[in-house]
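Next come the chains, spelled out residue by residue.
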Amino acid sequence: AQSVTQLDSHVSVSEGTPVLLRCNYSSSYSPSLFWYVQHPNKGLQLLLKYTSAATLVKGINGFEAEFKKSETSFHLTKPSAHMSDAAEYFCVVSDRGRTGGGADGLTFGKGTHLIIQP
Amino acid sequence: GAGVSQSPSNKVTEKGKDVELRCDPISGHTALYWYRQSLGQGLEFLIYFQGNSAPDKSGLPSDRFSAERTGGSVSTLTIQRTQQEDSAVYLCASSLTRPGQGTTGELFFGEGSRLTVL
C-alpha cells in the first residue's frame, strides 16, 4: 500500500523569503512523485515530477524538490516567495509497480495552503 | 482542444434534481479520472477510466453517482436525485498510459465544474 502525508495544512511566509512545503510518502514499489499547484478557481497544474532520474528535480516558477529515499521525503522548496505563489499545493505518489486499482496507483496528499504575506 | 475541457463550469440545481457533468479529455489520452473537491478539502477520487472501461469505481460515494465514457474520449458524470452534500467542485483529468505500467502519473486537469445544490 502507498500513502502520502503533507505535514502542514497551511504555510505562511513573507514575500521574498524561502518556501518549504513538506511531503512524506510510503510505497512498496519504486515510486514516482509529483507536486501539483492549484490556484483559486482553477484546475491542478503539474509543478514538477520525480521518476527515478536525478533526485533533485527542478520545476516551473522556480520551485524544486529533492527525493530523499532514506527519509521517504519529497519536500518542495523555493528560494524566494512571490505573491503569485499563493495557492494550494498537492503532493502525489504514483506506485509504478502496480497497474489498476486505486485510481491506477495514484495517491494525493490532502494539500498545503500557501499564504504569502506582503 | 489543447487542454481538458469541462462543462458546465458552474451549475446550480435544486435538491432532488439530476445533473450531468461533461469532460472532454486531451486527444489521445486513454486514462480519464474524476475527482471531487469539497470546500477546504483535498481531492476525493471518484472513478477512473482506461479507454471506455472503468477498472476502478471504488470512489463513487453512492449509487446515485454514475459515469460513462464513450469512444475512448468524452466522459459524463451523472448525479441522480442530488443532495446538498453533493455540492462541490468536480474535477476531471486525463493522462497518457504505458502498456503494462499504467499511467505515467502526470495528470492534466480541467478547471472543474462547480456544483451547488440548493
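All of the points below concern the structure found in this document. Treat the numbers as computed from the prediction; the structure is a model and nothing was measured.

1. Observations concerning the overall build of chain A
Along its length, chain A carries one helix and twelve strands. Taking 13 Å as the expected radius of gyration for a compact globule of 118 residues, we find that chain A reaches 14 Å, a close match to that expectation. Burial analysis of chain A (118 residues in total) assigns 45% to the buried set. Taking as baseline every contact in chain A between residues at least 6 positions apart, the subset at least 24 positions apart corresponds to 60%.

2. Some remarks on the sheet that holds strand β1 (residues 5-7) of chain B
Residue and element names in this part refer to chain B. The sheet built from four strands is open, its strands ordered β1-β3-β8-β7 with antiparallel pairing. Taken across any chain shown, the strands that pair with only one partner, and hence form the sheet edges, are β1 and β7 (65-69). Geometrically, the sheet is characterised by an average inter-axis angle of 15° between neighbouring strands, direction not taken into account. Bridging between β1 and strand β3 (residues 19-24) involves three bridges; their strand directions are antiparallel. Of the residues in β3, the one forming a bridge with Gln6 is Cys23.

3. Details of unusual backbone geometry
In this structure, Pro8(B) follows Ser7(B) across a cis peptide bond, with omega equal to -5°. With phi around 60°, Asn61(A) is a residue other than glycine that occupies positive phi space. Here Asn61(A) is to be found in the loop between β7 (56-58) and β8 (64-68). Look at Asn61(A) and you get partly exposed, because its relative accessible area is 49%.

4. Some thoughts on the pattern of salt bridges
Summed over all chains, the structure comprises seven salt bridges over all chains. Among the ionic pairs, Glu106(B) bridges to Lys49(A), the shortest N-O distance being 3.0 Å. Of this pair, Glu106(B) sits in the loop between β11 (102-103) and β12 (108-109) while Lys49(A) sits in strand β6 (residues 44-50), on two different chains. Its relative accessible area of 36% is what places Lys49(A) among the partly exposed residues. Residues Arg36(B) and Glu44(B) are paired through a salt bridge, measuring 2.9 Å at the closest nitrogen-oxygen approach.

5. Thoughts on the state of the cysteines
Residues and elements named next belong to chain B. A complete count under the given rule lists two disulfides over all chains for this structure. Between the sulfur atoms of Cys23 and its disulfide mate Cys92 the distance is 1.9 Å. Every disulfide takes its handedness from the sign of the S-S torsion; for Cys23 and Cys92 that torsion is -70°, giving left-handed. With Cys23 in strand β3 and Cys92 in strand β9 (residues 88-95), this residue pair connects regions lying 69 residues apart in the sequence. The residues Cys23 and Cys92 share a single accessibility class, namely buried.

6. Description of the nonpolar core
In this structure, Trp35(A), Leu48(A), Leu76(A) and Tyr89(A) are the most contacted members of the largest nonpolar core, which totals 26 residues. Apart from residues lying up to four places away in sequence, Tyr89(A) is in contact with Gln6(A), Leu21(A), Trp35(A), Tyr36(A), Val37(A), Leu47(A), Phe63(A), Leu76(A), Gly111(A), Thr112(A) and Leu114(A).

7. Here's the deal with the side chain of Asp86(B)
Residue and element names in this part refer to chain B. Among the secondary structure elements, Asp86 is positioned in the loop between β8 (75-79) and β9. A distance of 2.8 Å separates polar atoms of two side chains, one belonging to Asp86 and the other to Arg64. For Asp86, the contacting residues outside a window of four places in its chain are Arg36, Arg64, Phe65, Ile79, Leu115 and Val117.

8. Some remarks on the pairing of β6(A)
All names here are of chain A. Across the seven residues that make up β6, a large majority, five, are buried. Bridging between strand β5 (residues 31-38) and β6 involves six bridges; their strand directions are antiparallel. Bridge pairing in β6 links Gln38 to Leu44.

Cut-off values and rules
- Residues numbered from 1 in each chain as written.
- Chains lettered and ligands numbered in written order.
- Predicted model: local features only at pLDDT ≥ 70, side-chain atom pairs only at ≥ 80, totals over all residues.
- Heavy atoms only, no water.
- Helix = DSSP H or I, 4+ residues; strand = E, 2+ residues; numbered from the N terminus.
- Rg over C-alpha atoms; globule rule 2.2 N^0.38 Å.
- Buried < 20%, exposed > 50% of the residue type's maximum accessible area, 1.4 Å probe, protein only.
- Contact = heavy atoms within 4.5 Å.
- Pairing = 2+ DSSP bridges.
- Axes fitted to C-alpha atoms, helices over the stretch in contact; angles between N-to-C directions.
- Salt bridge = Lys/Arg side-chain N within 4 Å of Asp/Glu carboxyl O.
- Disulfide = S-S within 2.5 Å.
- Core = buried A, V, L, I, M, F, W, Y, C linked by side-chain atoms within 4.5 Å.
- Polar contact = N/O pair within 3.5 Å; in protein donor to acceptor, adjacent residues only side chain to side chain.

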